[in-house]
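Here's the letter readout for the chains.
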Amino acid sequence: MEIDYSEIDHWKWWGYIFQWLLSLFIFTLLKNNKYKLVKSKLLSEDLKIFSKNILRFRDVCSKRFWDNFHTKIDIMLEWEELCFEDINLLSGNNSGKFDNLIFIQAKTKWWKDSTITKNDWIFKAIRNFVQNINFQKDKNDNNYLFFIFTNSKLSESIDSIKTHNVIFYISIVDDIIKDNNKRKQSKNLSYPDKTLNNIWINSNKTEKLLLEILYKKIGEINLNEFTDLYSEEYIKNLYLLVKDLQMVVNNLVIIKSIKLQTLYKEMSSFYWIPKYRELKETFEYLSIDKHVIHKEDSKFDKYTNYPYTYFIAKDWWKCISDIVSISKWKFVDKL
């Protein structure tokens, strides 16, 4: 196929090999009825782990949204943390209020025997997703899932996230507040503007406040117990932030040990080498393509299938009905 490389963002070209391959694999897994994960006792240990984790991904998607993936979803590539993530799965919803959205972030480490810890990529992924304007718009409608795919093993400390460990919340709350204060377009004015007063003499009381917020409604918390450290307004804003985080964690699934070499082998063996190279080139291009699609173009029609989704964060948040052209978020058509 002919590809016009004059319209791509070369700055992003080199850092996204894992993301390109993962997007191609997810497209193949969900949209191509002929592809099947091989199940055999003779598989290598890497492929057994890979298959187990990929099936978990597909099962979670199916239970929440779809049975017939290849006809019901669209896959959209390219990302900006304000609206979407690395890979995005969209489908219609009959509610008349929102679309169904699955957001996927790809987190990689390349050196041998590396481990992803909660304090680097996982923290960053969660922090960015809390600020995602599509999450903020529909967070109470349970119309989304958030996946983090990693190519490596994970630190055991990651487990504390899914158990709603209070130390995790204390750490990430401060991180989000600092990040929120730097933002202009997507700053959440309902979040606290100061970090937690968590010096060692106050740590027990701060932990107690976080636990109260996690497991009680705001009207059930005795605010007077904590006003020597935090104002009532601060506690109410903190409550909103922690509840947002709690919703993210409840809808977060981490898929680990998806090795680059296994992705490559699966794709090249399924498509054979020439076809695989053609598809890989297409996905590489779509991941960095910034050419403009105008409203009168036929490709624009696919975006109008998702009238309740924000596609632009600048100049206030905009759905597709408010947009005359779009340069990011390229849908993967049937290949």
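Preceding block: the structure.
It should be emphasised that the depicted structure is a prediction, and the values quoted were computed from it without experimental measurement. (Residues numbered from 1 in each chain as written. Predicted model: local features only at pLDDT ≥ 70, side-chain atom pairs only at ≥ 80, totals over all residues. Heavy atoms only, no water.)

A. Structural detail: the pattern of salt bridges. With the rule as written, the count across this model stands at eleven salt bridges. We note a salt bridge from aspartate 179 to arginine 127, for which the minimum N-O separation is 3.9 Å. With a gap of 52 residues between them, aspartate 179 in helix α7 (residues 166–182) and arginine 127 in helix α4 (residues 118–130) connect regions that are remote in the sequence. Of the two residues, aspartate 179 and arginine 127, both sit in the buried class. Notably, a salt bridge pairs lysine 139 with aspartate 244, separated by 2.8 Å at the nearest N-O pair. Taken as a pair, lysine 139 in the loop between α5 (133–138) and β5 (144–150) and aspartate 244 in helix α9 (residues 232–250) lie far apart in primary sequence, 105 residues in all. For the pair lysine 139 and aspartate 244, a shared accessibility class is recorded, and that class is buried. Here the salt bridges share partners, and the residues they tie into one network are Arg127, Asp175, Asp179 and Arg183. (Salt bridge = Lys/Arg side-chain N within 4 Å of Asp/Glu carboxyl O. Helix = DSSP H or I, 4+ residues; strand = E, 2+ residues; numbered from the N terminus. Buried < 20%, exposed > 50% of the residue type's maximum accessible area, 1.4 Å probe, protein only.)

B. Structural context of the state of the cysteines. Enumeration over the complete set of coordinates arrives at zero disulfides. Cysteine 83 takes part in no disulfide bond, and the closest cysteine sulfur to it belongs to cysteine 319, at a distance of 9.8 Å. The exposure class assigned to cysteine 83 is buried, which follows from its relative accessible area of 0%. (Disulfide = S-S within 2.5 Å.)

C. Spotlight on α7. With 17 residues, α7 ought to run about 24 Å at 1.5 Å a step, and its terminal C-alpha atoms sit 25 Å apart, in line with that. Taken residue by residue, α7 has Val166, Phe168, Tyr169, Ile170, Ile172, Val173, Asp174, Ile176, Ile177, Asp179 and Asn180 as its buried positions. The opening residue of α7, the one whose side-chain oxygen lies 2.8 Å from the backbone nitrogen of isoleucine 167, is asparagine 165. (Expected span 1.5 Å × (residues − 1). Polar contact = N/O pair within 3.5 Å; in protein donor to acceptor, adjacent residues only side chain to side chain.)

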